[in-house]
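# Descriptive structure summary
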Amino acid sequence: MSERPSVLFALDPEHLPLLFPPDLMARLTATADLDPTLVADLDDPASRRLLASTEVLVTGWGCPPLTPETLAAAPRLRAVLHTGGSVKYLLPNEGWERGLLVSSAAAANALPVAEYALGMILLAGKGVLTLADRYRAERRFTLGEVHRDVGNVGRRVGLIGASRIGRRLIELLRHHDLDVVLHDPYVDEADAARLGARLVGVAELFRESHIVSVHAPAVPETHHLVDRAALASMRDGAVLLNTARGSLVDHEALTEELVSGRLSAILDVTEPEPLPADSPLWGLPNVLLTPHIAGSHGNELSRLGRTAVEELERLAAGHPLRHRVHRAELHRAA
């Protein structure tokens, strides 16, 4: 790769100024040859001509999958730096077999999701879902009244999955007086202890946790991981928090539990997404629905752009990528 690699953007142009504000764009243009205003439509003939000299593609949300034809039009392409999380959809087999270097901003995107989960866990422990609804309805409270069933001292939080997000969340939870347990088939007890959690079986996690937070990838093995039996085993008043993917939860079974009032839920993702207009979950006081906002939004996108800039600087200096994605990891990644 040349000292000043030829770079092309391939992403939703609306996101470009959020991903790369002026300071980051200046670092890009200082490192590489690129048109900072140009975002390529990879199927356009003009873009195909640009691809002929492109060494690095900076991709993001809105980039279509790179087809074999696209790759054939880019004989000098050496690296794909993705400003989003998952790259499973992005590269065909031909790209992996060609040995392209692939990097992802998944680690950067994990932080706002973990922060969202932390905030919701603490609010759920304080009973905010039901107490806020009651306060809205009654419009009064008694000063000095103690709500006996709330509080975050020693509350057990069960995490499903030591993903990037799960690990960041464990780091954040260390600062709070909570009992954190973890289930992940790829983690042993020593690994869990080093992370700051206690490894338990999935049945125990659902049965004993006050709050269950889902952080596993959406792969065939995790479809409806939170099934009817798991939900039925959760203690009365427990809370399910899902910031992963809706497909991990049996929503029919969850709806029944939530309508009964036995459980509560905070759902940033659902199946389908959004829920049908007539879903009872929209109006339940024990359910908080948010529109897939846990991941990076607004000024948080600059963190994703910074990850790509730093990766490009490493490439130009001949250093290995810090956030390289390996093909062998894809089967168990988000």
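Being a predicted model, the structure only gives us computed values, none of them experimental.

About the thresholds
Residues numbered from 1 in each chain as written. Predicted model: local features only at pLDDT ≥ 70, side-chain atom pairs only at ≥ 80, totals over all residues. Heavy atoms only, no water. Helix = DSSP H or I, 4+ residues; strand = E, 2+ residues; numbered from the N terminus. Buried < 20%, exposed > 50% of the residue type's maximum accessible area, 1.4 Å probe, protein only. Lys, Arg positive; Asp, Glu negative; His and termini not counted. Charge placed at Lys NZ, Arg CZ, Asp CG, Glu CD. Axes fitted to C-alpha atoms, helices over the stretch in contact; angles between N-to-C directions. Parallel < 35°, antiparallel > 145°, perpendicular 65-115°, else oblique. Left-handed = near helix turned anticlockwise from the far one by under 90°. Contact = heavy atoms within 4.5 Å. Nonpolar A, V, L, I, M, F, W, Y, C, P; charged D, E, K, R; others polar. Phe/Tyr/Trp six-rings, centres within 6.5 Å; stacked < 30°, edge-to-face > 60°. Pairing = 2+ DSSP bridges. Domains from an automatic or database assignment. Buried area = accessible area lost by both parts, 1.4 Å probe. Salt bridge = Lys/Arg side-chain N within 4 Å of Asp/Glu carboxyl O. Polar contact = N/O pair within 3.5 Å; in protein donor to acceptor, adjacent residues only side chain to side chain.

## Re the overall build of the protein chain
When its secondary structure is counted, the protein chain shows 13 helices and 11 strands. Its C-alpha atoms give the protein chain principal-axis dimensions of about 70 × 45 × 35 Å. In the protein chain, which comprises 334 residues, the share counted as buried stands at 48%. Of note, the protein chain has its 34 positive side-chain charges centred 5 Å away from the centre of its 43 negative side-chain charges.

## As for the packing of helix H6 (residues 106-125) against helix H13 (residues 301-316)
Packed helix pairs are specified by the crossing angle of their axes together with the interaxial distance, meaning the distance between the axes. Orientation of H6 relative to H13, taken along the N-to-C sense of each, is 160°, at an axis distance of 8 Å. On the basis of their axis angle, the class for H6 and H13 is roughly antiparallel. Crossing geometry of H6 relative to H13 is assigned as right-handed. Of the residues in H13, those in contact with Ala-108, Asn-109, Leu-111 and Pro-112 of H6 are Arg-303, Leu-304 and Thr-307. By residue class, the composition of the contact of H6 with H13 is four nonpolar, two polar and one charged.

## Considerations on unusual backbone geometry
Pro-272 follows Glu-271 through a cis peptide bond whose omega is 0°. Positionally, Pro-272 belongs in the loop between strand E10 (264-267) and strand E11 (287-289). Of the consecutive residues Glu-273 and Pro-274, the connecting peptide bond is found in the cis state with omega at 0°. Positionally, Pro-274 belongs in the loop between E10 and E11. One non-glycine residue with positive phi stands out, namely Arg-139, at about 55°. Phi angles above zero are rare outside glycine, and His-224 is one such case at about 55°. Turning to its location among the elements, His-224 is positioned in the loop between strand E8 (211-214) and helix H11 (228-233).

## Examining the packing of aromatic side chains
Tallied over the entire structure, the rule returns two aromatic pairs. Measuring from ring centre to ring centre gives 5.4 Å for Phe-9 and Phe-20, while their planes differ by 40°; the resulting arrangement is tilted. Here Phe-9 is found in strand E1 (residues 7-10), whereas its partner Phe-20 is found in the loop between helix H1 (16-19) and helix H2 (22-31), with 11 residues between them in sequence. Note on Phe-9: relative accessible area 1%, which makes it buried. Of the residues examined, Phe-20 reaches a relative accessible area of 3% and is grouped as buried. Arranged with centres 5.9 Å apart and planes meeting at 85°, the rings of Tyr-135 and Phe-141 form a pair that is edge-to-face.

## Considering the sheet that holds E11
Taken in spatial order, the seven strands line up as E7-E6-E5-E8-E9-E10-E11 in an open sheet, and their pairing is parallel. Two strands lie at the open edges of the sheet, namely strand E7 (198-199) and E11, each paired on one side alone. Sheet analysis places strand E9 (residues 239-242) next to E10, joined by four bridges and oriented parallel. Across the sheet, the residue bridging to Leu-241 is Ile-266, located in E10.

## Concerning the domain arrangement of the protein chain
Domains assigned within the protein chain are domain 1 (6-107 + 298-329) and domain 2 (110-289). Placing the centre of domain 1 and that of domain 2 at their C-alpha centroids yields a distance of 35 Å. Taken residue by residue, the interface counts five residues in domain 1 and eight residues in domain 2. The largest share of the area that domain 1 buries against domain 2 comes from Ala-106, Ala-107 and Arg-303, three residues that together contribute 67% of it. Where domain 1 meets domain 2, there are zero salt bridges. The tally of links between domain 1 and domain 2 comes to two residue pairs in polar contact (both at pLDDT 80 or more). Each residue belonging to the side of domain 1 that touches domain 2 can be placed in one class, and the counts come to two nonpolar, no polar and three charged.

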